[in-house]
Amino acid sequence: MKRIYHFPLVLLIIPLILSCSKNEFSNEDQPKADSEILKIIEEINADSIASNIKMLENLGTRYALASNRREVSFTILKKFKSYGYTNARLDSFEVTLAKGCLIYTTWQYNVVAELEGTGYPDSLILIGGHHDCTLRATEPQNPLEFAPGADDNASGVAVTLEIARVLKNSMVNPRKTILFATFAAEEFGLHGSNHMAKAMADTSAKVQFMLNNDMVSYCSIQDSSLWYVNIIDYLNSVELREKAAQLCELYTSLKAVNNNEYQKYSDSYSFYLNNFPSLFFISFHDDPNYHSVNDLAVYQNLKFAREVAKLNCALIIDANK
Ligand SMILES: [Zn+2]
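Small disclaimer: the values here were computed from a predicted structure and weren't measured. (Residues numbered from 1 in each chain as written. Predicted model: local features only at pLDDT ≥ 70, side-chain atom pairs only at ≥ 80, totals over all residues. Heavy atoms only, no water.)

Glancing now at helix α6 (residues 191–202). For α6, spanning 12 residues, the distance from its first C-alpha to its last is 16 Å, which sits close to the expected 16 Å at 1.5 Å a residue. Among the residues trailing α6, Ser 204 stands out with phi positive, at a value near 50°. (Helix = DSSP H or I, 4+ residues; strand = E, 2+ residues; numbered from the N terminus. Expected span 1.5 Å × (residues − 1).)

Around a metal, the idealised angle for a tetrahedral arrangement of four donor atoms is 109.5 degrees; for an octahedral arrangement of six donor atoms it is 90 or 180 degrees. The protein atoms that coordinate the zinc ion are His 130 (NE2), Asp 152 (OD), Asp 214 (OD) and Asp 214 (OD), at distances spanning 2.0 to 2.6 Å. The site at the zinc ion holds 4 donor atoms, and with the angles between them running 53 to 146°, its shape is irregular. (Donors = N, O, S within 2.8 Å, 3.2 Å for Na, K, Ca; no water. Tetrahedral: all angles 85-135°; square planar, octahedral: opposite > 155°, others 65-115°.)

Here we come to the packing of helix α7 (residues 238–251) against helix α9 (residues 302–319). Packing of α7 against α9 brings their axes to within 9 Å, and their N-to-C directions diverge by 120°. As far as their axial angle goes, α9 and α7 are oblique. Considering only the axes of α7 and α9, their crossing is right-handed. Residues Leu 240, Lys 243, Ala 244, Leu 247, Cys 248 and Tyr 251 of α7 form the contact with α9, whose participating residues are Glu 307, Lys 310, Leu 311, Ala 314, Leu 315 and Asp 318. Residue composition of the contact of α7 with α9, by class: 8 nonpolar, no polar and 4 charged. (Axes fitted to C-alpha atoms, helices over the stretch in contact; angles between N-to-C directions. Parallel < 35°, antiparallel > 145°, perpendicular 65-115°, else oblique. Left-handed = near helix turned anticlockwise from the far one by under 90°. Contact = heavy atoms within 4.5 Å. Nonpolar A, V, L, I, M, F, W, Y, C, P; charged D, E, K, R; others polar.)

Here the focus is the nonpolar core. Among the nonpolar cores identified, the biggest contains 60 residues, and Phe 80, Tyr 85, Ile 163, Leu 167, Phe 180 and Phe 281 are the most heavily contacted of them. The leading source of residues in this core is α9, at 11 residues. Residues in contact with Phe 180, not counting those within four places in the same chain, are Phe 80, Tyr 85, Val 111, Val 112, Ala 113, Leu 115, Ile 127, Thr 160, Ile 163, Ala 164 and Leu 167. If you look at the next biggest cluster of nonpolar residues, it comprises 13 residues, including Phe 183, Ala 197, Met 210 and Phe 271. (Core = buried A, V, L, I, M, F, W, Y, C linked by side-chain atoms within 4.5 Å. Buried < 20%, exposed > 50% of the residue type's maximum accessible area, 1.4 Å probe, protein only.)

What follows is the structure in structure tokens.
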């Protein structure tokens with residue numbers, strides 16, 4: 001599925017020689033790190049991401065048909081409130097979900113919090129990830145009772161929460177409104193994001209871009225010089241992905257790659273279908289515990305997740321400049 005590419009050595013050496021000779025003349029053209037962005041993203045804390053992944057895992061299950069699904073959303077809502085987001089709210093919707101040959105009509109609950117822009121409050125920047133999780137049918141447990149989903153996708157929720165915490169503390173007056181959202185029922189077909197993206201399209205919301213994080217904390221390699229993040233883009237977000245790759249190099253220890261194989265398989269796709277530019281961040285390192293009872297907090301690489309959070313945060317601050 002996801003692969004790290006191995007180039008022939010000669011193809012690596014030629015551009016290296018060319019870029020060495022070019023750099024003598026073009027150092028001033030190189031983008032430079034912004035001191036304000038550096039100061040803010042430094043506040044992003046791996047322990048805080050870890051504790052939120054553990055908080056979500058400790059709920060036992062976050063399966064969209066489980067009876068605790070409202071409690072799951074309330075737990076995330078309370079966390080936003082504890083960071084000072086008094087406007088945090090549940091965004092409820094009714095949806096029919098199928099499990100095997102059974103059909104259930106259910107209420108589902110997205111969670112939304114807002115940091116209101118002071119210059120252009122109608123201009124929206126959205127960041128989020130799904131909070132539900134699932135298990136493969138071959139797993140030994142019933143997801144109605146147990147589904148830890150630490151990487152998929154407590155990690156994306158924890159990154160969203162951590163950026164919300166840091167921006168609330170350090171960026172009191174963003175020019176544009178920043179919306180933080182966690183989505184319900186992604187595993188049953190992107191339902192939460194579909195609900196939100198359609199509602200935004202119906203009200204002609206001015207969404208500058210949407211950043212989706214799904215499976216962003218698995219990487220078993222300790223050497224950070226070998227860490228890769230896959231930034232998936234869509235037809236209307238190629239430039240945004242190039243910008244993200246540039247900021248990735250400037251502000252993180254991650255290397256950005258672009259493999260769009262999973263383009264349709266997470267919440268960013270709902271926003272793309274409603275014509276909003278969106279990106280999908282996912283670790284490029286295959287997670288062997290995907291949709292299994294072993295997708296546990298203990299196997300996550302929190303320093304890797306911190307770098308992904310720094311990248312998302314840098315993009316959001318940069319868009320507010
Ligand atoms: Zn996922």
